[in-house]
Every structure is written in C-alpha cells, then in structure tokens.
Amino acid sequence: MDNIHDVIVIGAGFAGLTAARELAHAGKRVAVLEARDRIGGRTWLDERMGLNLELGGTWVHWTQPHVWAELRRYGIGLAPSPTPQNAYWWNGTRAVAGSPDELFELLDRPNELLAARSREVFPQPFAPLDSTLLADFDGVSLLDEIDLLPIPAEQRALLESFWTLNFNGRIEDAAFTQALRWVAITNGDWKVMFEACATYKIAGGTKALAEAIQADTAADFRFGADVRSIDQDGDGAVVTTADGAEYRAESVVLAVPIQTLPRIAFTPALPVAVESAAEQGQLGLGTKVWFTIEGEHPAFVALGGADWPLNFFQSEYVADGKTFVIGFGPDAHAIDPADTAAVQRILNRLVPDAKVLESVGHSWVDDEYAQETWPMHRIGFLTESLPALQQPHGRIRIAGSDVADGWGGFIDGAIDSALKAARAILIAAQPVAV
Ligand SMILES: Cc1cc2nc3c(=O)[nH]c(=O)nc-3n(C[C@H](O)[C@H](O)[C@H](O)COP(=O)(O)OP(=O)(O)OC[C@H]3O[C@@H](n4cnc5c(N)ncnc54)[C@H](O)[C@@H]3O)c2cc1C
C-alpha cells in the first residue's frame, strides 16, 4: 500500500474528518490515521439497552456556526430533546420538587451576576485572544468568582452544581474565562448558552454527520493506526504507528485530544508550553451515564449537589414501559456507569420512587485515545497554553476541539479548528509570488 501522501491527518473525530475533507477537496493526497476501528472520536452513537444512544458529544445549536453550516450543507436536521415537565433539585440541605421554570428562575440571577462582564472580556468571542482584560481574568478561578457573589446559600449551591455540570469536572481550578466565553458566544444570554448545550440532537445522531463528512472526502482512511511517533526532517514528516508502519507526508494535521499527546514521541520535541499544556490536561474528567427507570415518566431534569457522583439528570426517551435518562457527574472514578444500585441511590436523593433497571456508559477518561470528556479549561489555559497550541510546529498543525477558539470544547470547535488548520496548510503550500 502507498504510504506517501501530501498530508497525514491523525485522528478521525470531527476535526480530523473536516480537515481531511478540506484538504482532499483541494486536491491533496490525504491519509487519515485513526487508532480506533471507527470514526467520530468523542462522539459515538451506539446501540445500548435496545436504543441508539449518544455515549459522547450530542447536542448542537444554530448559534454554533461551524457545525450548523455542516448540517445545512448535508441536509441534516435536528432531533429535539423532550421539554422537561418536572424539575428536582438539591438546595444545599434538602431535595425540592418543582417546575423547570422555578429551577431556571433560581439559576437566573446568579448566572446574570456571574457572567455580567462576558461581552466586555470577550467582545468578539471568535477573535484572537489578546486583550489585557483577558490576561487579568484568565488567572481567576470560577469557584472563587462564585464565592464572591451576593446570593443566598441555595442559589450558590445550585450555581456551583450548574457549572460543575458544564465543566463535567471539579471547578476549583476551572477558568472563569471559560464560563465567560460560553456566555459571550451566545450574546451574553446564559439561557441560550444552556439551550445550546442540551436541547437539540442531530437527526440520525452524530454518526449521520460524521459519515456525511467522511463520504465527502477521497482521503485514504486507515483504522487501528495508533500513531506513536512523528519525526520531522528537511523533506517532510515520518509518522509511525504502533505496528511499525511508516507514513511520509509534507504536512501533518494532529487532530487528537491534547491529553493524549504524551503517547506520541516528537522529533524535534514540541515546545515546552505545548508539552506542559498536555501534561496539565483539561478539567473535563467526568462521566456520562445512560440508564433506564421503570415506567414511562413525563420528561424531567434534576440538579443535585456539585460533589455528588452524578449531579445532573435529564430524561431523554420513553419506550417499552421504560424511561431513558442521562446522568452527568464530575469525576469518572467516583461512579461505575454499570453500577445500577449506585445510580439508583443517587437518583433517589432527588426522585425518591424511581427504580433504576439498567445503566451503561463509556469511560472516556480511561479511554487511552481520549483521556478526557469535553475539553474544559483550567485557570490560565487561554493565555498560557492556547497560543502555543495554535502555532505551527514545523510541519505539524494541531487541530481539535481542545485548541479551538469560540466554541472550543464542542463539536463546533473541532470543525472550526480543522478548517483553520487545513487552510493554513493550503496557504503554506502555495507558490510565493516574486
Ligand atoms: C460525554 C461527552 C459529552 C459531550 N457532549 C457534547 C455535546 O453535547 N455537544 C458538543 O458539541 N460536544 C460535546 N462533547 C464534546 C465533543 O464530543 C468533542 O469536543 C468533539 O467531538 C471533539 O472532536 P475532536 O475531533 O477534536 O476530537 P476527538 O473526537 O477526540 O477525535 C480525536 C480522534 O483521534 C484519535 N486518536 C487519539 N490518539 C491517536 C493516536 N495516537 N493515533 C491515531 N489516532 C488517535 C481518537 O481515537 C479520536 O478518534 C462531549 C464529549 C463527551 C466525551
């Protein structure tokens, strides 16, 4: 098989797929090296408990311009999650049952106060991040900022849990700037931000969009190709996989989660700032669990304590006398997704009579090709790490949701960063006018 290409794309998540399509459309010979046996990366629609369930990334929104453009391009629509009828929450000392509007009302003022300066710090959320204001804010922890707010204890408890959900991780070291950027990008409206995060799925699942992009590229896909080294010399780059196969190309798009970079040996080494960003990693180290409960229940949401192993629940489907529910928690190692009894114990703190029948999930944190869920930034990431990650490293360009502007962390960010990486390679390859 021919192992010489113009560009090697490493990773077939949304970033890798998009980069491969762009480069192949421009006439480049492209190979995509993917360690898994499937495309999609941290999105994965798979049959569990009798239904096709999204085990990873799921929701998209029209405020996310890059993924929205892809959906329109391939004629793929949306599948709305059900509108919740009931809400349950932990007020810091006891469980409360009420309406979703009441829960939103409790979260409204705290979020308004928290994100009041979002548009000031991020006047243009996709623009390069060079303001001195940003430097001031990027050293601030989200939790410290929540602590400063003049709000009652119940609202503080709910706000902490809400942002623990958004980070899918502990928020002690969470960057306040990440929260501000999310709200800024939905024009300063935290409710639209939350709608973008958990309301509209892709019709046919993330798989439908990933397959549409893959079908639209002439790139040569190699699965089970776990890249372990990248050596650059004057002529190009040699990429070697775990089975010893070597691939040569002029350029490389490295579209893997940054947490996985230490698995690859780089010659020359990557800059210290990149190595240190990879070593420190992202804060999205939590879990997503799917489970069924007995009976067909009206749709509900539930927000538990920030330190619970599962702190948020959202029911998604009813079928065959069962209700399918998603649970999120901040620490992948605090609960085993298959431990039905543990899931039931936590759910029953808020929804006393619910009987959990079955539960499943994929541990992204223990998955060596991911090692994180959605990439949420620690303090200082935007100012200390992102600029270095976005630079070219010789013939290598890093792409992916981890290194995106704007909707970094989301499918949208993965696509955005890949469009930029592919464009940069195409521009660099053009003959210089004399
Ligand atoms: C539980 C969960 C829920 C989420 N919810 C949402 C959501 O609702 N909406 C949203 O927009 N986003 C969500 N996200 C985030 C979103 O899924 C990701 O940000 C996005 O899919 C990342 O795309 P990517 O291409 O940058 O990286 P990835 O999808 O991680 O793709 C990287 C690819 O590189 C491969 N790879 C890694 N190392 C190597 C190697 N050495 N050699 C070869 N291949 C390698 C991996 O196998 C993978 O296929 C969620 C993520 C998770 C995990």
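For the structure itself, look to the data block above.
(A) Seen up close, the sheet that holds strand β8 (residues 95–98). The sheet built from 7 strands is open, its strands ordered β8-β7-β16-β17-β18-β15-β19 with mixed pairing. Single-partner strands in this sheet number two, and they are β8 and β19 (356–361). On average, adjacent strands in this sheet sit at an angle of 20 degrees to one another, irrespective of strand direction. Contacts from helix α3 (residues 100–114) reach β7 (86–90), β8 and β16 (300–303) within the one sheet, and its direction differs from that of β7 by about 40 degrees. Its contacts with the sheet place helix α12 (residues 340–348) against β15 (287–294), β17 (312–319) and β19, and it is angled at close to 110 degrees to β19.

(B) Representation of the nonpolar core within the structure. With 86 residues, the main nonpolar core has I10, L142, W163, I230, V239, L254 and L261 as its most contacted residues. A per-element tally of this core places helix α8 (residues 176–185) first, with 7 residues. Those residues in contact with V239 that lie beyond four places of it in its chain are I8, I10, L33, V227, S229, I230, A245, E246, Y247 and V252. The next biggest cluster of nonpolar side chains, apart from the first, holds 35 residues, and it includes I202, A219, A414 and A422.

(C) Seen up close, α12. Within α12, burial applies to A342, V343, I346 and L347. Looking down the long axis of α12, one finds its buried residues gathered within 130 degrees of arc, a one-sided arrangement. At its buried positions, α12 is contacted by β15, β17 and β19.

(D) Representation of the packing of helix α7 (residues 153–167) against helix α9 (residues 190–198). Where α7 contacts α9, the axes come no closer than 12 Å and their chain directions differ by 45 degrees. Taken together, α7 and α9 sit at an angle that is classed as oblique. The handedness of the crossing between α7 and α9 comes out as left-handed. Residue-level inspection shows F162, W163, L165 and N166 of α7 in contact with α9, the latter providing W190, M193 and F194. When the residues that make up the contact of α7 with α9 are grouped by side-chain class, the tally is 6 nonpolar, 1 polar and no charged.

(E) Representation of the sheet that holds strand β9 (residues 200–202). Spatial strand order, β5-β9-β6: 3 strands in an open sheet with antiparallel pairing. In this open sheet, the two strands that pair with only one neighbour each are β5 (59–60) and β6 (78–80). As judged from the 2 bridges shared by β5 and β9, these two strands associate in the antiparallel manner. The residue of β9 that forms the bridge with W59 is K201.

(F) Geometry of the side chain of T373. Here T373 shows up in the loop between β19 and α13 (381–390). If near-sequence neighbours (up to four positions away) are discounted, T373 is found in contact with R42, N168, G284, L285, G286, W364 and V365.

(G) Focus on the pairing of β16. Judged by which residues are buried, β16 turns out to be covered on both faces: F300 and A302 on one side and V301 and L303 on the other are all buried. Pairing of β7 with β16 involves 4 bridges; the strand directions are parallel. What sits directly across from N86, in β16, is F300. When β16 meets β17, the two strands line up antiparallel, connected through 3 bridges. Looking across to β17, one finds that L303 is bridged to F312.

(H) View of the pattern of salt bridges. Applying the stated rule across the entire model yields 18 salt bridges. A salt bridge links R42 to D402, with the shortest nitrogen-to-oxygen separation between them at 2.9 Å. Remark: D402 occurs in the loop between β20 (396–398) and α14 (411–429) and R42 occurs in the loop between β2 (30–34) and β3 (45–48); sequence separation between them is 360 residues. One salt bridge in this structure joins R48 and D46, with 2.9 Å as the shortest N-O distance. Classification of D46 as partly exposed rests on a relative accessible area of 24%. A single network of salt bridges, built from pairs that share partners, joins D226, R228, R263 and E368.

(I) The packing of aromatic side chains, seen in detail. Evaluated as defined, the whole model comprises 20 aromatic pairs. With 6.1 Å between their ring centres and 75 degrees between their planes, W62 and W68 make a pair best called edge-to-face. Each residue in the set F104, F162, W163, W182, W190, F194, F312, W407 and F410 is aromatic and connected to the rest through ring pairs, giving one cluster. Between R48 and the ring centre of W44, over which it is positioned, the NZ or CZ distance is 5.2 Å. Against the face of W308 rests R349, its NZ or CZ located 4.7 Å from the ring centre.

(J) Structural context of the environment of I10. Inspection of the secondary structure assignment puts I10 in strand β1 (residues 4–10). Overall, I10 belongs to the buried group, its relative accessible area being 4%. Here the alpha-carbon distance between I10 and L133, two residues 123 residues apart in the chain, equals 35 Å. Beyond its immediate stretch of four places on either side in the chain, I10 contacts L33, V227, I230, V239, V252, V253, L254, A255 and V256.

(K) Quick peek at unusual backbone geometry. The linkage connecting T267 with the following residue, P268, adopts the cis geometry, with an omega of -5 degrees. Even without glycine at this site, N187 takes up a positive phi of about 55 degrees. One can find N187 in the loop between α8 and α9. The backbone of D320 shows a phi angle near 50 degrees, a positive value even though the residue is not glycine. By the element assignment, D320 lies in the loop between β17 and β18 (322–329). D320 sits in the exposed class, given a relative accessible area of 72%.

The rules behind the values
- Residues numbered from 1 in each chain as written.
- Predicted model: local features only at pLDDT ≥ 70, side-chain atom pairs only at ≥ 80, totals over all residues.
- Heavy atoms only, no water.
- Pairing = 2+ DSSP bridges.
- Helix = DSSP H or I, 4+ residues; strand = E, 2+ residues; numbered from the N terminus.
- Axes fitted to C-alpha atoms, helices over the stretch in contact; angles between N-to-C directions.
- Contact = heavy atoms within 4.5 Å.
- Core = buried A, V, L, I, M, F, W, Y, C linked by side-chain atoms within 4.5 Å.
- Buried < 20%, exposed > 50% of the residue type's maximum accessible area, 1.4 Å probe, protein only.
- Arc of directions from axis to C-beta.
- Parallel < 35°, antiparallel > 145°, perpendicular 65-115°, else oblique.
- Left-handed = near helix turned anticlockwise from the far one by under 90°.
- Nonpolar A, V, L, I, M, F, W, Y, C, P; charged D, E, K, R; others polar.
- Salt bridge = Lys/Arg side-chain N within 4 Å of Asp/Glu carboxyl O.
- Phe/Tyr/Trp six-rings, centres within 6.5 Å; stacked < 30°, edge-to-face > 60°.
- Lys NZ or Arg CZ within 6 Å of the ring centre and 35° of its normal.

Honestly, it's all geometry; don't read function into it.
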